[in-house]
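Single-letter residue listing:
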Amino acid sequence: MNLAHPHFAEPRWLWLAFLGPLSLVVLQRYSGWMRTRQLAQLASPEFVAALTRSRSRARRFIKNALLVLAVTGIGLALARPQWGEQAETSHMLGQDILFVLDCSRSMLATDVSPSRLQRAQLAILDFVHRQSHGRVGLVAFAGQAFLQCPLTFDYGAFQDSLMNVDERTIPIPGTDVGRALEESFLAMEKGEREKLIVLVTDGEDLEKGGIRAAERLAKQKVVIFTVGVGTPSGSEIQVLTEQGKLELVRDDKGQTVKSRLDEPTLRAIAQATHGVYYPLGPVGEGLAKIRLDLENRAVTSGSGPQRRLGVDRFHVAVAAVLILLVVESLIGTRRWLRESSGASSAGPGISREIQAAQRTS
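Residues numbered from 1 in each chain as written. Predicted model: local features only at pLDDT ≥ 70, side-chain atom pairs only at ≥ 80, totals over all residues. Heavy atoms only, no water.

> Before we go on, may I ask you to explain the side chain of Lys63 in this structure?
Checked against the element boundaries, Lys63 lands in helix 3 (residues 57-78). A polar contact of 3.0 Å, which involves the side chain of Lys63, links it to the backbone oxygen of Ile331. (Helix = DSSP H or I, 4+ residues; strand = E, 2+ residues; numbered from the N terminus. Polar contact = N/O pair within 3.5 Å; in protein donor to acceptor, adjacent residues only side chain to side chain.)

Quick look at the structure:
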């Protein structure tokens, strides 16, 4: 269909534009016939003629015609007449971003200040405040993964969930990136919208399932951006004991555990899903770069294909209906007449009766 040519977007309402006026004409004719019949039963033809001589058939016809045209206009307006074309590009109402935050004990390392976990939390919080549109969600993980905050527009609730995450949030020790990515996918809507995950971790995937999970999610059109927290040189891990003292984490041999940023693993996870890897940096600049990437992504690929749409013109029919109804209400059905000699000769009593009947007829 050539949308530039006049057409109707809702043609099923055209029945009202045809049957409505036809039904109204039938009702008008029937009403006129009933009035004539009742008057004929009331008085003689000469008296009826005297009663109705102030009536204007032309004015009555015009009023009826205006009402018929108004009903036709209502049917046409409901059928949504269109002509001309306009292009519409469908835009997403923001982007759904699910943050996957590592809260294992290795995130307590202090190679970034004040600690990896706290620096990541502050950077995510700054990201969300600057993003200011779209839904955000949070999955925390260590040896297991748990959905802390479903996708939501309530940034206050997201902030509360984010800042409540600590090394005790997930009681099972370890770092299972693959399980975290799978849990994140389950928390996302299964539709055609782009699925975005921001994985924030030091990259120590102890279960070695992160890359395989990313390859599976890539087939589901999931894009993963990875953010490395920490430094390649690493740092020792200190945990708070039950006595409130800081204690270094040691392995089975009694050696001090030193956690290092595993950038190759994080880069491989991102590349498997056509995402990008950035180190978080000392002040969260890595997440700032991801925010810019997502904004560019929304401009270039976040918009749907252009659609050619007709331009609605139903307001023209609505305006015409209003004008017709106003004009119809202003037109009377009587014409001005001087008192005829016939009425005078009939006597003042009959004249008064005629005038009274005319006023009530």
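Now that the structure has been shown, the text picks up again.
> Hey, could you run me through the nonpolar core in this one?
General note: in soluble globular proteins, nonpolar side chains tend to be found buried as a group. Residues Phe99, Leu101, Ile124, Phe158, Val198, Leu287 and Ile290 are the most contacted members of the largest nonpolar core, which totals 34 residues. Of all elements in the fold, only strand 3 (97-102), helix 4 (116-131), strand 4 (136-141), helix 5 (155-163), strand 6 (195-201), strand 7 (222-228) and helix 9 (285-300) reach the threshold of two or more residues within this core. Ranked by residue count, the leading element in this core is helix 4, at seven residues. Residues contacting Ile290, with those up to four places away along its chain left out, are Phe127, Val198, Phe225, Thr226, Val227 and Tyr278. If you look at the next biggest cluster of nonpolar residues, it comprises 23 residues, including Val139, Leu151, Ile224 and Leu266. (Core = buried A, V, L, I, M, F, W, Y, C linked by side-chain atoms within 4.5 Å. Buried < 20%, exposed > 50% of the residue type's maximum accessible area, 1.4 Å probe, protein only. Contact = heavy atoms within 4.5 Å.)

> Where do I start with the packing of helix 1 (residues 14-42) against helix 3 in this structure?
Helix packing for two helices is described by the angle between their axes and how far apart those axes are. Two numbers describe how helix 1 lies on helix 3: the axes approach to 7 Å, and their chain directions differ by 155 degrees. Our classification of the angle between helix 1 and helix 3 gives roughly antiparallel. Every pair of crossing elements has a handedness; the one defined by helix 1 and helix 3 is right-handed. Only Arg60, Asn64, Leu67, Val68, Val71, Thr72, Ile74, Gly75, Leu76 and Leu78 of helix 3 make contact with helix 1, whose side of the interface consists of Leu14, Leu16, Ala17, Gly20, Pro21, Leu24, Val25, Gln28 and Arg35. In terms of residue class, the contact of helix 1 with helix 3 is made up of 12 nonpolar, five polar and two charged. (Axes fitted to C-alpha atoms, helices over the stretch in contact; angles between N-to-C directions. Parallel < 35°, antiparallel > 145°, perpendicular 65-115°, else oblique. Left-handed = near helix turned anticlockwise from the far one by under 90°. Nonpolar A, V, L, I, M, F, W, Y, C, P; charged D, E, K, R; others polar.)

> Can you walk me through the packing of aromatic side chains in this structure?
For any pair of aromatic rings, geometry is given as the distance between the ring centres together with the angle between the planes. Inspection of every chain in the model, using the stated rule, returns four aromatic pairs. On the numbers, 5.9 Å between centres and 50 degrees between planes, the contact of Phe99 with Phe158 is tilted. One end of the pair, Phe99, is in strand 3; the other, Phe158, is in helix 5, and 59 residues separate them in sequence. Of the two residues examined, Phe99 and Phe158, each falls in the buried class. (Phe/Tyr/Trp six-rings, centres within 6.5 Å; stacked < 30°, edge-to-face > 60°.)

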